[in-house]
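# Observations on the model geometry
Each chain is listed here by its residues.
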Amino acid sequence: MKILLVAEYRDGKLLGSVNELIAFAAKMGADSAMFVVGSEAALPAYAGKLYLADASACGEFNPDVHKQLLLDVVAKEQPEMIAFSHSSYGWDLAPRLAFALKAAQVSEVVEVEDGVLVVPACNAKLRRTVASKTGLTVVTLQAGAFGLTEAPSGSPTVEKVGVAGGGRLEFGGYEAAEAGGVDLTKAEIIVSAGRGIGKPENVEMIAALAKALKGEYGASRPVVDSGWVEHKRQVGTTGQTVTPKLYLACGISGAIQHLAGMKKSEFIIAVNTDKDAPIGDVADVLVVADLKQFVPLLTEKIKAL
Amino acid sequence: MKILVCIKQVPDMESKFKVAASGKWYDTADLAWRMNEYDEYAVEQAVQVKEQVGDADLTVLCIGGERVKETMKKALAMGCDRGVHVADDKAAEKEPFEIAGIIAEFARDKQFDLIFTGMQSQDRGSAQVGVLTAEMLGIPSISTIVQFAYADGRIETRRELEGGVKSIVKAAAPALVTCQLGLNTPRYPTLPNIMKAKKKELLSLPVADLLKVDARQETGKMYFPVKKGGGLVLEGEIGQLVDQLIQILKEKTGVLA
């Protein structure tokens, strides 16, 4: 089997997820080739063939053009599978390519069991095995699901590729995350609020516990989207990735995007009424309780110590 | 101006799920149903565009059994003008390519200027249907938007990337966008609008009229992942739980030192 791996550049930098693509090919026991729209200045450590399109000419984000470049490479390489990261780049481009190639697309592959693709369902509460019915299959890989045990080595054999043409979308550049304010990545203790806090007034009790523990408070995406907590405090894929000594998750069910941002914390405590919540998978301690009763009492007793 | 918004009805994700007898999907009995969260943002944005341009007709489309009409009524009460219910008791078994095929078949000759979808569903989560629909219709699509503006036949959006970064992407209508959480603040339907929604057109079409493509993938089995945590689970009376946790904090972490 041959897999075409599609790596990503952002703002001139090769994204580290390239190693997850390489790990996936290894897990599948497949040969691979790689495609990327990027730059010769930052090549991946990869001992294989790399088709490189110049980002300054093709644009880092230009799905029509990237799709055409990929179609040319697919025609040359004839892979049985094409693998993207399940990222803002991958989930955008993969369906376009799958459609053009009349291929099935299997999204957010989280593991491979005896060669069968496994994907999550219902907020990661369930899993599903999927079989493609087409000869060529496009897959996107969940962030962090596949990893290499040792650092990759080698240099790619580069073949430059290009394509004429514009594209229907106009890319107007990037907007950086807001600067200033709290920096959760430097906090040693973080108490985070999830949807389970129920109402904005309850952010106060999370902040009070964080203060009693001399830490900072954070939040999961739904709490930030509701406007209860500022975006700077959001933990997860689209917010901050944190590694504190203690992470205390209150009323957070544990969507994969949140787990990706905090699962490397040294010690994780979760307070949740649902014993089966996915946060339990990464927690060292899961307290099955209503946070609205538990958190104020914990704060009070810690203050009294 | 013609606008289409596509929505899905999904279970409340806090539900206790069970695997169905078929072994291929979750059991749909005893679940609370609601509008897919991402689609609430899609409906809100579509209604805002309608309010902005004034002269617009906004259709909401949903595929599923009789049950999904309740969710469609919410979209109508939020401000959609008419509903198209694609009647399909087996919608849950259909994969994204089939769902997109149904929507594209419906939309093909209707000249929608803008199509809104959620970026993914909360249950299947493929993040494919919106983009695939646009490819089938031959119109541009922008996925994962967290800001949207429309003026003079052009749209300007912000896509959400990883790590808090956004990108600016523009396109000319007709176009499709897939909506990410946080795009706007979905409105709660008011009582007068709920009453008005009852009188709005809700057309049912049999799925057989619109399904012209074959499935490209199939589910083997659905199951609960094996708990890998192995972490300690504490249950019981609140006061005792607090004392137990303080003891753990003292022994296992340095934070109370």
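Numbering of residues begins from 1 in every chain and follows the order in which that chain's sequence is written. All chains are assigned letters beginning with A, and all ligands numbers beginning with 1, in the order in which they are written. Since the coordinates come from a predicted model, pLDDT governs what is reported: local features require at least 70, and pairs of side-chain atoms require 80 or more to be given and counted, while whole-chain, interface and lining totals use all residues.

## Details of the nonpolar core
What tends to happen in soluble globular proteins is that the nonpolar side chains get buried as a cluster. In plain terms, the rule: By convention in this section, buried Ala, Val, Leu, Ile, Met, Phe, Trp, Tyr and Cys residues joined through C-beta atoms within 7 Å make up a nonpolar core. To assign burial, the other C-beta atoms lying within 10 Å of each residue's own C-beta are counted, with C-beta atoms placed from the backbone; 20 or more indicates buried, 12 or fewer indicates exposed, and intermediate counts indicate partly exposed. Under the DSSP-based scheme used, a helix requires at least four consecutive residues in state H or I and a strand at least two consecutive residues in state E, with every element numbered from the N terminus.
Ranked by internal contacts, the top residues of the largest apolar core, which has 118 residues, are Leu5 and Ala83 of chain A together with Val5, Val43 and Val60 of chain B. Counting residues per element, this core draws most heavily on helix H3 (residues 96–107) of chain B, at 8 residues. In terms of nonpolar packing, the next biggest core, distinct from the first, is built from 50 residues, Leu248, Ala255, Leu291 and Leu298 of chain A among them.

## Re the pairing of strand E7 (residues 141–151) of chain B
Regular strands show a simple pattern: their side chains alternate between the two faces of the sheet. Residues and elements named next belong to chain B. Quick note on the threshold: By the convention used here, strands pair only if DSSP detects at least 2 bridges between them.
Across the 11 residues of E7, 8 count as buried, placing the element largely inside the fold. Sheet analysis places E7 next to strand E10 (residues 175–179), joined by 3 bridges and oriented parallel. Each residue of the ladder has a partner; that of Ile142, found in E10, is Val177. Here E7 runs beside strand E8 (residues 154–160); their pairing, made up of 6 bridges, is antiparallel. When the bridges of E8 are listed, Gln147 appears paired with Arg158. Taking the residues between adjacent antiparallel strands as the criterion, E7 and E8 are bridged by 2 residues, where Asp152 takes a positive phi near 50°.

## Describing helix H6 (residues 238–252) of chain B
What counts here: For a helix, the expected span equals 1.5 Å multiplied by the number of residues minus one. The arc under discussion is defined with respect to the helix axis, by the directions toward the C-beta atoms. Think of it this way: build a C-beta for each residue from its backbone, and any pair within 7 Å is a contact.
With 15 residues, H6 of chain B extends 21 Å from end C-alpha to end C-alpha; this agrees with the ideal 21 Å at 1.5 Å per step. Buried within H6 of chain B are the following residues: Leu241, Val242, Leu245 and Leu249 of chain B. All buried residues of H6 of chain B lie within an arc of 100° about the axis, which places them on one face of the element. Turned more than 90 degrees from where H6 of chain B packs its buried face, Gly239, Gln240, Gln247 and Glu251 of chain B sit exposed. Packing partners of the buried residues in H6 of chain B comprise strand E17 (267–272), strand E18 (285–288) and helix H8 (291–303) of chain A together with strand E13 (232–234) of chain B.

## Topic: the UniProt feature "domain: Electron transfer flavoprotein alpha/beta-subunit N-terminal" (unreviewed entry) in chain A
Operational definition: UniProt positions are given in the numbering used here, feature names are shortened, and annotations may be inferred rather than shown by experiment.
Here, the residues flagged by UniProt with the feature "domain: Electron transfer flavoprotein alpha/beta-subunit N-terminal" (unreviewed entry) are residues 3–175 of chain A. Across residues 3–175 of chain A, helical content stands at 23% and strand content at 38%; the span's end C-alpha atoms are separated by 33 Å.

## Looking at the sheet that holds strand E11 (residues 202–206) of chain B
Under the convention used in this document: Fitted lines through C-alpha atoms serve as axes, helices being fitted only where they are in contact, and the angles separating the N-to-C directions of these axes extend from 0 to 180 degrees.
The 10 strands lie next to each other as E13(A)-E9(B)-E8(B)-E7(B)-E10(B)-E6(B)-E1(B)-E4(B)-E5(B)-E11(B), forming an open sheet whose pairing is mixed. In this open sheet, the two edge strands, each paired with only one partner strand, are strand E13 (170–175) of chain A together with E11 of chain B. Across the sheet, the mean angle from the axis of one strand to that of its neighbour is 30°, orientation sign disregarded. As paired elements, strand E1 (residues 2–7) of chain B and strand E4 (residues 57–64) of chain B share 6 bridges and run parallel to each other. Paired with Ile3 of chain B across the two strands is Leu58 of chain B, which belongs to E4 of chain B.

## Looking at the interface of chain A and chain B
By a widely used convention, the size of an interface equals the accessible area lost when the partners come together. Operational definition: Only Asp, Glu, Lys and Arg are considered charged in this grouping, and only Ala, Val, Leu, Ile, Met, Phe, Trp, Tyr, Cys and Pro are considered nonpolar; every other residue, Gly among them, is considered polar.
Residue-level contacts link 69 residues of chain A with 65 residues of chain B. Looking at the side of chain A that touches chain B, the element that brings in the most residues is strand E10 (residues 126–132) of chain A, giving 7 residues. Considered class by class, the residues forming the side of chain A that touches chain B number 35 nonpolar, 16 polar and 18 charged. Here 4 bridges tie E13 of chain A to strand E9 (residues 166–172) of chain B, and the two strands are oriented antiparallel to one another.

## So, the domain arrangement of chain A
Residues and elements named next belong to chain A. Going by this rule: Domain boundaries shown here were taken from an automatic or database domain assignment.
Taken domain by domain, chain A comprises domain 1 (2–161) and domain 2 (184–303). The straight-line distance from the C-alpha centre of domain 1 to that of domain 2 is 33 Å. The partner domain 2 presents 6 residues to the 7 residues of domain 1 that form the contact. Class assignment of the residues belonging to the side of domain 1 that touches domain 2 gives a composition of 3 nonpolar, 3 polar and 1 charged.

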